[in-house]
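Now for the letters of each chain:
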Amino acid sequence: MAKITHTRKSSTEHKLCLSLILLMASGALPFSVISNSLTMPRSGWKHQTRCRSNTKRYLQFGFDAVKSRESHTALGMSSFITDTDSDYNTDLVGDDSASFSLESQKILDWIKFSVATGTVLAVVSYAWFLPTGPHLGDALLDNVQSTIGTTDPALTIFALLMIFAVSHSGLASLRPAAEEIVGPRAWRVVFAVVSLPLALSCISYFVNHAHEGTRLWDLTHVPGVHEAFFLANFVSFLFLYPSTFNLLEVAAIEKPQLHLWETGIIRITRHPQAMGQIMWCAAHTAWLGTTTSIAASSVLVAHHIFSVWNGDRRLKDQHGKAFEIVKSKTSVIPFAAILDGRQELPEDYYKEFLRGPYLLVVGGTLAAYMAHPWMMAGAALLQW
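These numbers come from a predicted model, not from an experiment. (Residues numbered from 1 in each chain as written. Predicted model: local features only at pLDDT ≥ 70, side-chain atom pairs only at ≥ 80, totals over all residues. Heavy atoms only, no water.)

Description of the packing of aromatic side chains
Part 1 of the argument: Evaluated as defined, the whole model comprises nine aromatic pairs.
Part 2 of the argument: A centroid spacing of 5.2 Å and a plane angle of 70° characterise the contact between phenylalanine 245 and tyrosine 358, whose relative ring orientation is edge-to-face. Of the two residues, phenylalanine 245 sits in the loop between helix 6 (225–237) and helix 7 (247–250) while tyrosine 358 sits in helix 12 (residues 356–370), which places them 113 residues apart along the sequence.
Part 3 of the argument: Note on phenylalanine 245: relative accessible area 1%, which makes it buried.
Part 4 of the argument: Members of the aromatic cluster, connected to one another through ring pairs, are Phe245, Tyr349, Phe353 and Tyr358. (Phe/Tyr/Trp six-rings, centres within 6.5 Å; stacked < 30°, edge-to-face > 60°. Helix = DSSP H or I, 4+ residues; strand = E, 2+ residues; numbered from the N terminus. Buried < 20%, exposed > 50% of the residue type's maximum accessible area, 1.4 Å probe, protein only.)

Here you go:
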């Protein structure tokens, strides 16, 4: 087994180039590590059709008459496909995943989104990477490696991802109490300001060091392995949590909500983000075979296993009996509820995936795969 070492260098020009690359590639961040809540679907305790927007209604779902939340027409990451099938009978107590209406969109909202997103990325780039900034990214890495007493890439990525996991899940758990004090929009900003720089640091460091450490195996020359791992990675991106598609909520243009999803990928697994992350980690670790990839995957998998419990707890606190209904006919393990008869798929189930957000997921996944050489080159310029 060969031990691969790495020497850290400093380069103002390299950092400037990388920061520009990260800014251009930032749209792919949710596909990697971040699992923020990003969508704004239409909701209600019980509804029969898809096309309902911006109404308040009292509905009975079997136990009590409860006042539903304000129903929003959902917007995905794209306006390529508009959901117009109003005869689709869902009989849901939760939200319809990844559906949206092009007609309901407001240009002003997207102008606000662009300005907000651009401002945040510019500030993060300046504070974390740019040579004229305070070099907070360098300071974080130096402090982490000083604390753990080594520059070993496996231990470093383990520590970085632990900081991200604790911060990310910790702030998510504090959300109900914090929103009572500062409001949903302000807390979303706090969440993003903490999570985004940490995620950028983890992604940059991992891409730059994934092939380092001790290589325990090498499957890269085994026929068919590359294709199998590519397929596993591609499918893992289809397991994104439906909230990932709500861009206006993540930017706090619309009021952030804790949605109770029930259709689409949720019929297969109640926690698609966790299952997709596990698939992604398994494929990447098997392909790389290094101690650095094992260290990164161990934290990511553990974090998402915790998120399964924490997510269910938060949904139960927020939605009560409605969550219990959804839980009774869904499963954590993919396809388990379908196989044991608790989940019955509609005859036209495939239509729940023929939506704009999934079109962009497919395109974004293929683009990210083809951009791997540029991602690696960009991360190398930072020379962390």
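Still more to cover.
So, the packing of helix 9 (residues 291–319) against helix 10 (residues 321–328)
Part 1 of the argument: Closest axis-to-axis distance for the helix 9/helix 10 pair is 6 Å, and the angle between their directions is 135°. Taken together, the axis directions place helix 9 and helix 10 in an arrangement best described as oblique. Taken together, the residues of helix 10 that come into contact with helix 9 (itself represented by Asp312, Leu315, Lys316 and His319) are Lys321, Ala322, Phe323 and Glu324.
Part 2 of the argument: For the contact of helix 9 with helix 10, the per-class residue count stands at three nonpolar, one polar and four charged. (Axes fitted to C-alpha atoms, helices over the stretch in contact; angles between N-to-C directions. Parallel < 35°, antiparallel > 145°, perpendicular 65-115°, else oblique. Contact = heavy atoms within 4.5 Å. Nonpolar A, V, L, I, M, F, W, Y, C, P; charged D, E, K, R; others polar.)

With respect to the pattern of salt bridges
Part 1 of the argument: Under the criterion given, the structure shown has nine salt bridges.
Part 2 of the argument: When the shortest N-O distance is used, the salt bridge between arginine 270 and aspartate 312 registers 3.0 Å. Of this pair, arginine 270 sits in the loop between helix 7 and helix 8 (272–288) while aspartate 312 sits in helix 9, and the two are 42 residues apart along the sequence.
Part 3 of the argument: One salt bridge in this structure joins glutamate 324 and lysine 316, with 3.6 Å as the shortest N-O distance.
Part 4 of the argument: With relative accessibility at 46%, the residue lysine 316 sits in the partly exposed group. (Salt bridge = Lys/Arg side-chain N within 4 Å of Asp/Glu carboxyl O.)

Notes on the environment of leucine 161
Part 1 of the argument: Relative to the helices and strands, leucine 161 is located in helix 4 (residues 153–182).
Part 2 of the argument: In this structure leucine 161 comes out as buried when scored by relative accessible area, which is 4%.
Part 3 of the argument: Placed 41 residues apart in sequence, leucine 161 and cysteine 202 show a C-alpha to C-alpha distance of 6.3 Å.
Part 4 of the argument: Dropping the residues within four chain positions of it, leucine 161 is found in contact with Cys202, Ala296, Val299 and Leu300.

A closer look at a positive patch on the surface
Part 1 of the argument: The grouping of Lys106, Lys112, Arg185 and Lys255 at the surface amounts to a positive patch.
Part 2 of the argument: With respect to the helices and strands, arginine 185 occurs in helix 5 (residues 184–209). (Patch = residues over 30% accessible without salt bridge, like charges linked within 9 Å, V, L, I, M, F, W, Y side chains within 5 Å. Areas by Shrake-Rupley, 256 points an atom, 1.4 Å probe, with all protein chains shown as cover. Lys, Arg positive; Asp, Glu negative; His and termini not counted. Charge placed at Lys NZ, Arg CZ, Asp CG, Glu CD.)

What about helix 6?
Part 1 of the argument: Over its 13 residues, helix 6 runs 19 Å from end to end, which matches the ideal 18 Å to within 8%, given 1.5 Å per residue.
Part 2 of the argument: Turning to helix 6, its buried residues are Val225, Phe229, Asn233, Ser236 and Phe237. Burial along helix 6 is one-sided: seen end-on, the buried residues are contained in an arc of 105°. Exposed positions of helix 6 whose direction lies more than 90 degrees from the buried face are Glu227 and Leu231. (Expected span 1.5 Å × (residues − 1). Arc of directions from axis to C-beta.)

Topic: helix 9
Part 1 of the argument: In this model helix 9 runs 41 Å from its N-terminal to its C-terminal C-alpha over 29 residues, within 8% of the 42 Å that 1.5 Å per residue would give.
Part 2 of the argument: Phi turns positive one or two residues past the end of helix 9, at glycine 320, with a value near 60°.

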